[in-house]
Amino acid sequence: RKEVEQDPGPFNVPEGATVAFNCTYSNSASQSFFWYRQDCRKEPKLLMSVYSSGNEDGRFTAQLNRASQYISLLIRDSKLSDSATYLCVVTHSSASKIIFGSGTRLSIRP
Amino acid sequence: EAGVAQSPRYKIIEKRQSVAFWCNPISGHATLYWYQQILGQGPKLLIQFQNNGVVDDSQLPKDRFSAERLKGVDSTLKIQPAKLEDSAVYLCASSVGTGRPQHFGDGTRLSIL
């Protein structure tokens, strides 16, 4: 089993829809969690950190479920520009071990 | 604020040759990372520096890969000799400290013939 797993997708949803995807992790000692966005042939860019209490940034909501060992990303009122690959990142062992998921591809159609 | 700078953007070499990549992190960022990203996969951490010390290099193939950050600022990653499976994008990232959000450079796209 991979340490960090994501559904590769692609998720193909219409503009304006709400879409959510999860990222599961296997190490219960994981400490920090992030969502990054990566456009085709570009570098990853930080979307948001994930806090224990959950956090929201505009149309994006991130949540952490430590009991079930997953983080989630919810996108409301999706835009065409949200089309990208979404990577989750998990760190543990005093942040020295950093693991990226393989990413979930999201495609928003008009 | 200037971002993470990497060079070159593209490199094509033959197998068994050597190649080096350079990275200049965001000013003041103590932590620097090198990643390998193969097409269709997420980035894989090769090495993490905190200032000029190595924090984690457990996934660095040390028989052919080496990296240094001598003065705690710029860093170089070298591959010698290159193999076909080294074809990938090599990403450099920096952060203010370990466990903090990372900022990535544009990457170097390496093709091995």
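What you are looking at is a predicted structure, and each value in this text was computed from that prediction instead of being measured.

Conventions and cut-offs
Residues numbered from 1 in each chain as written. Chains lettered and ligands numbered in written order. Predicted model: local features only at pLDDT ≥ 70, side-chain atom pairs only at ≥ 80, totals over all residues. Heavy atoms only, no water. Helix = DSSP H or I, 4+ residues; strand = E, 2+ residues; numbered from the N terminus. Rg over C-alpha atoms; globule rule 2.2 N^0.38 Å. Buried < 20%, exposed > 50% of the residue type's maximum accessible area, 1.4 Å probe, protein only. Contact = heavy atoms within 4.5 Å. Lys, Arg positive; Asp, Glu negative; His and termini not counted. Charge placed at Lys NZ, Arg CZ, Asp CG, Glu CD. Pairing = 2+ DSSP bridges. Axes fitted to C-alpha atoms, helices over the stretch in contact; angles between N-to-C directions. Disulfide = S-S within 2.5 Å. Core = buried A, V, L, I, M, F, W, Y, C linked by side-chain atoms within 4.5 Å.

Draft legend 1. Inspection of the overall build of chain A at higher detail. Helix and strand content of chain A: zero helices and 11 strands. Beginning at the N terminus, the succession of helices and strands in chain A can be written as β-β-β-β-β-β-β-β-β-β-β. For 110 residues, the compact-globule estimate of 2.2 N^0.38 gives 13 Å, and the C-alpha radius of gyration of chain A, at 13 Å, lies within 12% of that figure. In terms of overall dimensions, chain A has a C-alpha envelope of 45 × 30 × 25 Å along the principal axes. Here chain A holds 110 residues, and the buried ones make up 46% of them. Long-range contacts, defined as pairs at least 24 residues apart, comprise 57% of the intrachain contacts of chain A with a sequence gap of at least 6. Side-chain charges in chain A split into 13 positive and 10 negative, and the spacing between the mean points of these groups amounts to 4 Å.

Draft legend 2. Local environment of the sheet that holds strand β8 (residues 70-75) of chain A. Residue and element names in this part refer to chain A. Strands sit in the order β1-β3-β8-β7-β6 across an open sheet of five strands; the sheet is antiparallel. The sheet terminates laterally at β1 (4-6) and β6 (55-57), the two strands that pair on one side only. Direction aside, the axes of adjacent strands within the sheet are offset by 20° on average.

Draft legend 3. Representation of the sheet that holds strand β3 (residues 19-24) of chain B in the model. Residues and elements named next belong to chain B. Strands sit in the order β1-β3-β8-β7 across an open sheet of four strands; the sheet is antiparallel. For this open sheet the edge positions go to β1 (5-7) and β7 (65-68), each flanked by a neighbour on one side alone. Neighbouring strand axes in the sheet, compared pairwise and without regard to direction, differ in orientation by 15° on average. Where β7 lies against strand β8 (residues 75-79), four bridges are found, and the strand directions are antiparallel. Its bridge partner being in β8, Ala67 is matched across the sheet by Leu77.

Draft legend 4. Here's a closer look at the state of the cysteines. Residue and element names in this part refer to chain A. Counted according to the given criterion, the structure contains two disulfides over all chains. Each sulfur in the disulfide pair Cys23 and Cys88 lies 1.9 Å from the other. Here Cys23 and Cys88 share a disulfide; its torsion about the S-S bond, 55°, makes the bridge right-handed. With Cys23 in strand β3 (residues 19-25) and Cys88 in strand β9 (residues 84-92), this residue pair connects regions lying 65 residues apart in the sequence. On the basis of relative accessible area, Cys23 is assigned to the buried category, the value being 0%.

Draft legend 5. Representation of the environment of Ala84 of chain A. All names here are of chain A. Here Ala84 lies in strand β9. Expressed as a C-alpha distance, the spacing of Ala84 and Leu106, which sit 22 residues apart in the sequence, is 5.5 Å. In contact with Ala84, other than residues within four places in its own chain, are Arg37, Gln38, Asp39, Thr104, Arg105 and Leu106.

Draft legend 6. Focus on the nonpolar core. By size, the foremost hydrophobic cluster in this structure holds 23 residues, and its most contacted members are Phe21, Trp35, Ile71, Leu73, Ile75, Tyr86 and Leu106 of chain A. Of all elements in the fold, only β3, β4 (32-38), β5 (45-50), β7 (60-65), β8, β9 and β11 (104-109) of chain A reach the threshold of two or more residues within this core. Sequence-distant contacts of Tyr86 of chain A, that is, excluding residues within four places in its chain, are made with Gln6, Phe21, Trp35, Tyr36, Arg37, Leu47, Leu73, Ile75, Gly103, Thr104 and Leu106 of chain A. Ranked by size, the runner-up nonpolar core spans 21 residues in total, among them Ile13, Ile47, Leu110 and Ile112 of chain B.

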